[in-house]
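# Structural characterization, general
Given next are the chains, with one letter for each unit.
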Amino acid sequence: MGPLLSDITVNGEVIPAATIAAEAQMHEAPKGKPGIAWRAAGRALAVRALLLQEARARSLTPEPVTEGDRAETEEEALIRQLLDEALTPEAPSDDAVRAVYDADPAKFRAPTLYEAAHILFPVRPGDDAVLGAAREKAEAVLADLARSPREFDRLARELSACSSRDAGGRLGQIATGDTVPEFEAVLDRLAEGEIAAEPVATRYGLHIIRLDARAPGAILPFETVAPRIRAMLAKAEWARAARDFIETLADKAEVTGVDLKAA
C-alpha cells in the first residue's frame, strides 16, 4: 500500500499504522482498492481522537450506560456526553414535517404484500467458483421454465436449497422488508405470474423468482406518518450539527497523515 502505511497524528497524539490497518478491516472498499478503506479508517480514528481530546479538555467524566446486553466503553461514553453537551440541533418545525409529506405522499405507504415463489441455489459471498456453477444451473432451469412454466413446482421441490421447496418454492405472503433488498426489488418489477428472466443474486446465493400476486400498500395519512418524518428530520439535523462541530474541531487541530476534509 506504499505511502498509505503511515501513522496519523492529531494534535501530537499518534495513531499507529497498525491501528489504522485493523480499523480498515471494518470499512468496505471495492476489490483491489484497499486505499479507500484505509483512508476511511484513518478519518474515523482521527475524528475519534479529536472528540476524545475535546471531551477531556472539558473535564468530562465518563458515565457509561448499558442498553440491553451492550455496555458502553468509557471512551464511547465520553464521546456521547461531549456531543450531548456540544450539540444544539434545531427541532423540526411543523411546516418542515408537512413539506416532506406533501412533496411525495406516495413514499409513505403501508407495506406492500407479495405472494411469491423461488428456487435457491446457495452461494457463499466471494466464492466465485461456486457462483459460476450455480449460475449455469440456474440459467438451465430458467430455460426449462421458459418452455414450461408449470414445471416451477417440481423443479423447486427437486433443486431448491430453501425450506420452501416443500411447498414448491412458495414463500407464502410476505411484506415489504421481509426479504433482502435485491429480492424485493425484483418483486416490485415483475408482473403477476411472471418469472424473472435472470437469476437474482443475494447474499444467500442465486434465486429464480416468480411473482404470483402483489397488493401495494395504501398511502398512509399525514397524521400517521408525521412522527416518523419528525424523527427522520431530527436525526438528519443532529448529523448536520455533529458534522459542523467536528469541522470546527478539525479547523483548529494539527492533523497529519489524513485529510479530514476529504469526502
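Each chain has its residues counted from 1, following the order in which its sequence is written. For this predicted model, a pLDDT threshold of at least 70 governs which residues receive local features, and a threshold of 80 or more governs which side-chain atom pairs are given and counted, while totals over whole chains, interfaces and linings are taken from all residues. Think of the side-chain values as coming from all heavy atoms in the structure, minus any hydrogens and water.

### Observations concerning the packing of aromatic side chains
Going by this rule: Note on aromatic contacts: the rings of Phe and Tyr and the six-membered ring of Trp form a pair at centre separations within 6.5 Å, being stacked when their planes are under 30 degrees apart, edge-to-face when over 60 apart, and tilted otherwise. Burial here depends on accessible area, computed with a 1.4 Å probe over protein chains only, as a share of the maximum for the residue type. Under 20% is buried, over 50% is exposed, and the range in between is partly exposed. Here a strand is any run of E in DSSP of at least two residues, a helix any run of H or I of at least four, and the numbering for each starts at the N terminus.
The full count for this structure, using the stated rule, is two aromatic pairs. Centroid distance tyrosine 101 to phenylalanine 108: 5.7 Å. Interplanar angle 25°. Geometry classified as stacked. Here tyrosine 101 and phenylalanine 108 have matching classes, each one buried. Both rings, one in tyrosine 101 and one in phenylalanine 222, keep their centres 5.4 Å apart while their planes meet at 65°; by these two values the pair is edge-to-face. One end of the pair, tyrosine 101, is in helix H4 (residues 94-103); the other, phenylalanine 222, is in helix H8 (residues 222-252), with 121 residues separating them in the sequence.

### Points about the environment of isoleucine 208
Formally: The contact definition used throughout considers only heavy atoms, calling two residues in contact when any of these lie within 4.5 Å.
Among the structural elements, isoleucine 208 can be located in strand S8 (residues 205-215). Expressed as a C-alpha distance, the spacing of isoleucine 208 and aspartate 178, which sit 30 residues apart in the sequence, is 17 Å. Ignoring anything within four residues of it in the chain, the contact list for isoleucine 208 reads Ala117, His118, Ile119, Phe121, Ala138, Val141, Leu142, Leu145, Phe152 and Ile195.

### Concerning the nonpolar core
Where we set the bar: We define the nonpolar core as a collection of buried residues of types Ala, Val, Leu, Ile, Met, Phe, Trp, Tyr and Cys that are connected through side-chain atoms lying within 4.5 Å of one another.
Counting residues in hydrophobic clusters, the biggest one holds 29 residues, and the most contacted among them are Ile8, Val10, Ile15, Ile20, Leu51 and Phe245. Counting residues per element, the ones that place at least two in this core are strand S1 (8-10), helix H1 (17-24), helix H2 (34-57), helix H3 (74-86) and H8. When residues in this core are grouped by element, the largest group, ten residues, is from H2. Counting 15 residues, the second largest nonpolar core, distinct from the first, contains Ile119, Phe121, Leu155 and Ala156.

### Structural notes on the side chain of arginine 210
To be explicit about the condition: In the analysis that follows, any N or O atom pair within 3.5 Å is treated as a polar contact, provided that within protein one partner can donate a hydrogen and the other can accept it, and provided that, for residues neighboring in sequence, both atoms belong to side chains.
Along the polypeptide, arginine 210 turns up in strand S8. Looking at arginine 210, its side chain comes within polar contact range of the side chain of aspartate 212, at 2.7 Å. Discounting chain neighbours no more than four positions away, the residues touching arginine 210 are Ala116, Ala117, Phe152, Arg170, Gly193, Glu194 and Ile195.

### Some words on the UniProt feature "domain: PpiC" (unreviewed entry) in the protein
How we decide: UniProt positions are given in the numbering used here, feature names are shortened, and annotations may be inferred rather than shown by experiment.
The feature "domain: PpiC" (unreviewed entry), as annotated in UniProt, sits at residues 111-213 in this numbering. For residues 111-213, helix accounts for 36% and strand for 27%, while the C-alpha atoms at its two ends are 14 Å apart.

### A closer look at H3
Basically, it comes down to this: Here a helix's expected span is defined as the number of its residues, less one, multiplied by 1.5 Å.
Helix length check: H3, at 13 residues, gives a terminal C-alpha distance of 18 Å against a target of 18 Å (1.5 Å per residue), a fit within 8%. If you check which residues of H3 are buried, you get Ala77, Leu78, Ile79, Gln81, Leu82 and Leu83. Buried-residue contacts for H3 involve H2 and H8.

### As for the sheet that holds strand S6 (residues 170-175)
Let me state the cut-off plainly: A pair of strands counts as paired when DSSP detects no fewer than two bridges linking them. Axis definition: a line fitted to C-alpha atoms, over the contacting stretch in the case of helices. Angles run 0 to 180 degrees between N-to-C directions.
Across the sheet, four strands lie side by side as S6-S5-S8-S7; this open sheet has antiparallel pairing. Looking at which strands have only one partner, the edges of the open sheet turn out to be S6 and strand S7 (200-202). Taken pair by pair, the neighbouring strands of this sheet meet at an average axis angle of 45°, ignoring direction. Summarising the sheet, S7 and S8 pair through three bridges and their orientation is antiparallel. By the bridge assignment, threonine 202 is partnered in S8 with glycine 205. Packing against the sheet, helix H7 (residues 181-189) makes contact with strand S5 (113-122), S6, S7 and S8, and its axis sits at approximately 45° to S8.

### A closer look at the sheet that holds strand S9 (residues 255-256)
One open sheet holds the three strands; their spatial order is S2-S1-S9, and the pairing between them is antiparallel. Each end of this open sheet is capped by a strand with a single partner; those strands are strand S2 (13-15) and S9. In this structure, S1 lies alongside S2, joined through three bridges in antiparallel fashion. Following the sheet pairing, isoleucine 8 is matched in S2 by isoleucine 15. On top of the sheet, H2 reaches S1 and S2; it is set at about 25° to S1, its chief contact.

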